[in-house]
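# Understanding the architecture of this molecule
What follows is each chain in one-letter form.
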Amino acid sequence: MRDRSEITSWLTDMDGVLVHENTPLPGAADLIAHWTATDTPFLVLTNNSIFTPRDLAARLRASGLNVPEDRIWTSALATADFCASQIPGGSAFVIGEAGITTALHEVGFIMTETSPDYVVVGETRNYSFEAITRAIRLINSGSRFIATNPDATGPSADGVLPATGAVTALISKATGREPYVVGKPNPMMFRSAMNRIGAHSESTAMIGDRMDTDIVAGIEAGLHTVLVLTGIADQREIEKYPFRPDEILSGVHELLP
């Protein structure tokens, strides 16, 4: 087990770690300020593929957290990075919002409904039966099936909403094809994040609030893992899993020097 003193780069989840319902959690602002002042490489990670980093930076700023957009890594960015590494200058049919379409455009992809290399499904609040039907037909015709993240539901003020995983399940049932999911818990997302900031797994830590995404992916990526108890996980949740994080803290305030 590595000692925290050996860590020189940090990855951290956003919701449940830095903010809760747009309210900063104790120590979050001070920790980000400390990393910034000491030129510590860090990225804030989120499976949310709806928003661009600029959108999310503005949301965090409104919550009192000053995180530059180049310090935010979304499942949309990780998905675009993966697709570009596989088929540079490729094409995609996308079900999703600005987060994923912008990310794909920025890596040189073309959006098309004609024989795309990929069908990419991301988060959206405007799922269309017509678009889902088109995705099914394109996958049946040979387009590769990609999803930004596996989350089946998302939160709202009125209760849960169907999310990416629910829609990809519908498409999988109709096509017999499972998507390659780039976002957490795929350690691919952490590796692409480390590449973004020039970090190495031996000296990088992941802070998260979920055992089934943040911690397991961090372990599989070879990172030092820190579970905080300000989000999803509690002691009873921790006991469900056969693996353990390197550290369990009450919140990110415990990471302050």
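This text follows the structure it describes.
Notes on the structure in this doc start here. (Residues numbered from 1 in each chain as written. Predicted model: local features only at pLDDT ≥ 70, side-chain atom pairs only at ≥ 80, totals over all residues. Heavy atoms only, no water.)

### A few points about the overall build of the chain
When helices and strands are counted, the chain shows nine helices and 15 strands. Taking 2.2 N^0.38 as the reference for a compact globule, 257 residues should give roughly 18 Å; the C-alpha atoms of the chain span a radius of gyration of 18 Å, in line with that estimate. Dimensions along the principal axes, computed over C-alpha positions, put the chain at roughly 55 × 35 × 35 Å. Looking at the chain as a whole, 51% of its 257 residues are labelled buried. When the accessible surface of the chain is split by element, carbon and sulfur atoms take 50% of a total near 11,700 Å². Of the charged side chains in the chain, 19 are positive and 31 negative, and the gap between their average positions amounts to 6 Å. (Helix = DSSP H or I, 4+ residues; strand = E, 2+ residues; numbered from the N terminus. Rg over C-alpha atoms; globule rule 2.2 N^0.38 Å. Buried < 20%, exposed > 50% of the residue type's maximum accessible area, 1.4 Å probe, protein only. Areas by Shrake-Rupley, 256 points an atom, 1.4 Å probe, with all protein chains shown as cover. Lys, Arg positive; Asp, Glu negative; His and termini not counted. Charge placed at Lys NZ, Arg CZ, Asp CG, Glu CD.)

### Quick word on the environment of Val-252
Checked against the element boundaries, Val-252 lands in the segment after β15 (247-249). Through-space distance from the C-alpha of Val-252 to that of Leu-227 is 9.3 Å; in sequence the pair is 25 residues apart. Here Val-252 is in contact with Val-17, Pro-26, Gly-27, Ala-28, Leu-31, Ile-207 and Val-228, once residues within four sequence places are set aside. (Contact = heavy atoms within 4.5 Å.)

### Some remarks on the nonpolar core
Soluble, globular proteins show a tendency: their nonpolar side chains are buried together. If you look at the biggest cluster of nonpolar residues, it comprises 31 residues, and the most contacted ones within it are Leu-11, Leu-45, Trp-73, Leu-104, Val-120 and Phe-190. Looking at this core, the elements that each hand over two or more residues are β4 (42-46), α3 (75-86), β6 (91-95), α4 (98-106), β8 (118-121) and α7 (187-197). Looking at which element gives the most residues to this core, the answer is α3, with seven residues. If you look at the next biggest cluster of nonpolar residues, it comprises 25 residues, including Leu-18, Val-19, Leu-60 and Ile-72. (Core = buried A, V, L, I, M, F, W, Y, C linked by side-chain atoms within 4.5 Å.)

### What about the sheet that holds strand β9 (residues 144-147)?
Across the sheet, five strands lie side by side as β7-β6-β8-β9-β12; this open sheet has parallel pairing. Edge positions in the open sheet fall to β7 (110-111) and β12 (180-181), since each of these has one partner strand only. Contacting β8 and β9, helix α6 (residues 164-175) runs over the sheet at an angle of about 160° to β9. (Pairing = 2+ DSSP bridges. Axes fitted to C-alpha atoms, helices over the stretch in contact; angles between N-to-C directions.)

### Observations regarding unusual backbone geometry
Following Lys-184, the chain continues to Pro-185 via a peptide bond in cis, the omega torsion being 15°. The phi dihedral of Glu-21 is positive, around 50°, even though this residue is not glycine. Mapped onto the elements, Glu-21 comes out in the loop between β2 (19-20) and β3 (23-24).

### Some words on the packing of α7 against helix α8 (residues 211-220)
One way to put it is that α7 packs onto α8 with a least axis distance of 8 Å and a crossing angle of 65°. Compared by their axis directions, α7 and α8 come out roughly perpendicular. Between α7 and α8 the crossing geometry is right-handed. Counted together, Pro-187, Phe-190 and Arg-191 of α7 and Asp-214, Ala-217, Gly-218 and Glu-220 of α8 form the full contact between these two elements. (Parallel < 35°, antiparallel > 145°, perpendicular 65-115°, else oblique. Left-handed = near helix turned anticlockwise from the far one by under 90°.)

### Observations concerning the sheet that holds strand β13 (residues 204-208)
Strand order in this open sheet of six strands is β5-β4-β1-β13-β14-β15, and the pairing throughout is parallel. Whereas interior strands pair on both sides, the edge strands pair on one side only; in this sheet they are β5 (72-74) and β15. Each neighbouring strand pair of the sheet contributes to a mean axis angle of 25°, computed without reference to strand direction. Looking at chain direction, strand β1 (residues 9-13) and β13 are connected through four bridges and run parallel. Directly across from Thr-12, in β13, lies its bridge partner Ile-207. Packing of helix α2 (residues 53-62) onto the sheet brings it into contact with β4 and β5, and relative to β5 it is tilted by some 125°.

### Regarding α6
Here α6 is 12 residues long and its end C-alpha atoms lie 16 Å apart, about the 16 Å a rise of 1.5 Å per residue gives. Every buried residue of α6 is accounted for by Thr-164, Gly-165, Val-167, Thr-168, Ile-171, Ser-172 and Thr-175. Taken down its axis, α6 places every buried residue within 160° of arc, on the same side. One or two residues past the end of α6 sits Gly-176, with phi positive at roughly 75°. (Expected span 1.5 Å × (residues − 1). Arc of directions from axis to C-beta.)

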